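Summary of the model geometry
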Amino acid sequence: MAADDFTIGVEEEFQIVEPTSRDLDPSVDEILAEARRRTAPEQVSHELQQTQIEIGTPICRGLDEVRAELRRLRSEVATAATGRGLAIAAAGTHPFVKPDEERFTDKDAYLALADRYAHLASEQKVFGCHVHVGIADRELAIATMNHIRPWLATMLALSASSPFWAGLDTRYASYRTEVFGRWPTAGPPELFSSAAEFDDVVAQLLGTGSIDAPARIYWDVRPSAKFATLELRVADVCTSLDDAVMIAGLAGGLVRHGAALAAAGRPPDAVRPEVLRAARWQAARYGISGDLVDVGALRAAPATDVVGRLLADLDPALDEWGEREHVTDLVHQVVARGTSAQRQREVYRRRGSLDDVVDWLLAETSR
């Protein structure tokens, strides 16, 4: 594939917040029409919960374009919310969410999910970032997915933004991962020998009633059911714009890297699924504040070492894309100042109030 073929698009799920109480507010319908008027109908949408609103960038090619589109969409949705006395926040969880409240969006597909998955669906007040990287050849997409599986947990660690849940410090960096991981099709994907094998697995899941549509496969990376892309879904939504651009850059670099390995005929590392799940849990638990699982070396290692190995692996792909310095600088920035999860905890330590954490999230999201 030519370098220009790897297009990129980013989806971000935001919290709708009432700024006086700092609670989540189920008013998506009240701001959606205005947000769409200010952007485009296809760029802003509902999600499962009425306390969520999702943006999706147009197709982009470079990270400057990603940054500009995310800044524009965040600003326009925030303005639409402000007009209704509301605000938006970007974090994987709300610090004092009420998990038991049922506020489902009144759409047939969402109501069917709520009925089938019961209390599990009620708890899904979590917010992610999904990056689509264009890859039109489905065989190459599946082979690429095989190659990038070992690095998904490291991406998660760098994006971690969900330390609080229901008024408590969970001691996780990404508690969103633990909540979302309860879906029966969540987590790292297995290895696939071909697109036909992937399609057969989807058909089996549909035939057994395990899913009602291909889009219900919630793996950390999957071929999109809608676009000719690989969709990397492992990350928490990023509070700061810089971190969101970093995650988009890492996703773009990973797909380019994996596609190059696949095109060269290199077999993927046959990492056991148990190891990938353990790596994912370790990343969710500690973020970059402790050890991560170095999947390639099959050992625990300081997060800075594992992140450094990721960047070293991606250097050629990022260099070819022209984004190596950009992505490297953003990653080093997160390592130096901490993830959103670490910064939220620091706000709480300094001020002693989860209200102050919400205020920080509101301010940081709109920067």
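A short tour of the structure in this document, coming up. What you see is a predicted model; the values in this text were computed from it and never measured.

Moving on to the nonpolar core. Counting 120 residues, the largest nonpolar core has Ile 53, Trp 183, Leu 232, Ile 247 and Leu 250 as the members making the most contacts within it. Setting aside anything within four residues of it in sequence, one finds Leu 232 in contact with Cys 129, His 130, Val 131, Val 133, Ile 148, Leu 152, Met 155, Asp 220, Val 221, Ala 251, Leu 254 and Val 255.

Further remarks concern the pattern of salt bridges. Under the defined criterion, the tally for this structure stands at 27 salt bridges. A salt bridge links Asp 23 to Lys 98; the nearest nitrogen and oxygen atoms lie 3.2 Å apart. One end of the pair, Asp 23, is in the loop between β1 (8–17) and α1 (28–38); the other, Lys 98, is in the loop between β4 (87–89) and α3 (108–117), with 75 residues separating them in the sequence. Judged by its relative accessible area of 24%, Asp 23 is partly exposed. The partly exposed category is assigned to Lys 98, whose relative accessible area is 39%. A salt bridge links Arg 343 to Glu 364; the nearest nitrogen and oxygen atoms lie 3.4 Å apart. Within this pair, whereas Arg 343 is found in helix α13 (residues 340–351), its partner Glu 364 is found in helix α14 (residues 354–365), the two being separated by 21 residues in sequence.

Turning next to a negative patch on the surface. Taken together, the side chains of Asp 29, Glu 30, Asp 106 and Asp 108 make up a negatively charged region of the molecular surface. Examined against the element boundaries, Asp 106 turns out to sit in the loop between β4 and α3. Residue classification places Asp 106 among the exposed positions, given a relative accessible area of 63%.

The buried count for strand β3 (residues 52–56) comes to five of five residues, which makes it a mostly enclosed element. Going residue by residue along β3, you find Gln 52, Glu 54 and Gly 56 tucked away on one face and Ile 53 and Ile 55 tucked away on the opposite face as well. Of the pairings in the sheet, the one linking strand β2 (residues 44–45) to β3 comprises two bridges and is antiparallel in character. Across the sheet, the residue bridging to Val 44 is Ile 55, located in β3.

With twelve residues, α14 extends 16 Å between its outermost C-alpha atoms, agreeing within 8% with the 16 Å of an ideal straight helix rising 1.5 Å per residue. The set of residues buried in α14 consists of Leu 354, Val 357, Val 358, Trp 360, Leu 361, Leu 362, Glu 364 and Thr 365. Those residues of α14 that are buried lie in contact with β1, α2 (63–82), β4, β6 (164–165) and α13.

So, about the pairing of β1. Counting buried positions along β1 yields ten of ten residues, so the element is predominantly enclosed. Neither face of β1 is left uncovered, since the one carrying Ile 8, Val 10, Glu 12, Phe 14 and Ile 16 and the one carrying Gly 9, Glu 11, Glu 13, Gln 15 and Val 17 both have all their residues buried. Here five bridges tie β1 to strand β5 (residues 128–134), and the two strands are oriented antiparallel to one another. Following the sheet pairing, Glu 12 is matched in β5 by Cys 129. Sheet topology places β1 next to β3; five bridges connect them, and they run antiparallel. The residue bridging Glu 12 from the neighbouring strand is Ile 55, located in β3.

Let us look at the packing of helix α11 (residues 303–321) against helix α12 (residues 324–337). Interaxial distance between α11 and α12 falls to 9 Å at its minimum, and their mutual angle equals 165°. The orientation of α11 relative to α12 falls into the category roughly antiparallel. The way α11 lies across α12 gives a crossing that is right-handed. Contacts between α11 and α12 pair Thr 304, Val 307, Leu 311, Asp 315, Leu 318 and Asp 319 from the former with Arg 324, Val 327, Thr 328, Val 331, His 332 and Val 335 from the latter. Looking at the contact of α11 with α12 residue by residue, the class counts come to six nonpolar, three polar and three charged.

A word on the state of the cysteines. Following the criterion strictly, the structure yields zero disulfides and no others. You can see Cys 60 has no disulfide; the closest cysteine sulfur is in Cys 129, sitting 12 Å from it. For Cys 238, which is in no disulfide, the shortest distance to another cysteine sulfur is to Cys 129 and amounts to 5.4 Å.

A few words now on the packing of aromatic side chains. The tally for this structure, following the rule as stated, stands at eleven aromatic pairs. With a centroid separation of 5.7 Å and an interplanar angle of 65°, the aromatic rings of Tyr 172 and Tyr 175 are classed as edge-to-face. Of the two residues, Tyr 172 and Tyr 175, both sit in the buried class. Measuring from ring centre to ring centre gives 5.5 Å for Phe 180 and Tyr 218, while their planes differ by 55°; the resulting arrangement is tilted. On the criterion of sequence distance, the pair formed by Phe 180 in helix α7 (residues 175–180) and Tyr 218 in strand β9 (residues 218–219) is long-range, its members being 38 residues apart.

Right, let's get into unusual backbone geometry. Notably, Ala 118 is not glycine yet its phi reads approximately 55°, a positive angle. With respect to the helices and strands, Ala 118 occurs in the loop between α3 and α4 (119–122).

A word on the environment of Gln 124. Inspection of the secondary structure puts Gln 124 in the loop between α4 and β5. When the C-alpha atoms of Gln 124 and Gly 62 are compared, they prove to be 32 Å apart, with 62 residues separating the residues in sequence. Ignoring any residue separated from it by four or fewer positions in sequence, one finds Gln 124 in contact with Leu 48, Gln 49, Gln 52, Val 179, Phe 180 and Trp 183.

Basis of the calculations
Residues numbered from 1 in each chain as written. Predicted model: local features only at pLDDT ≥ 70, side-chain atom pairs only at ≥ 80, totals over all residues. Heavy atoms only, no water. Core = buried A, V, L, I, M, F, W, Y, C linked by side-chain atoms within 4.5 Å. Buried < 20%, exposed > 50% of the residue type's maximum accessible area, 1.4 Å probe, protein only. Contact = heavy atoms within 4.5 Å. Salt bridge = Lys/Arg side-chain N within 4 Å of Asp/Glu carboxyl O. Helix = DSSP H or I, 4+ residues; strand = E, 2+ residues; numbered from the N terminus. Patch = residues over 30% accessible without salt bridge, like charges linked within 9 Å, V, L, I, M, F, W, Y side chains within 5 Å. Areas by Shrake-Rupley, 256 points an atom, 1.4 Å probe, with all protein chains shown as cover. Lys, Arg positive; Asp, Glu negative; His and termini not counted. Charge placed at Lys NZ, Arg CZ, Asp CG, Glu CD. Pairing = 2+ DSSP bridges. Expected span 1.5 Å × (residues − 1). Axes fitted to C-alpha atoms, helices over the stretch in contact; angles between N-to-C directions. Parallel < 35°, antiparallel > 145°, perpendicular 65-115°, else oblique. Left-handed = near helix turned anticlockwise from the far one by under 90°. Nonpolar A, V, L, I, M, F, W, Y, C, P; charged D, E, K, R; others polar. Disulfide = S-S within 2.5 Å. Phe/Tyr/Trp six-rings, centres within 6.5 Å; stacked < 30°, edge-to-face > 60°.

Without other data, these values stay purely geometric and don't point to any function.
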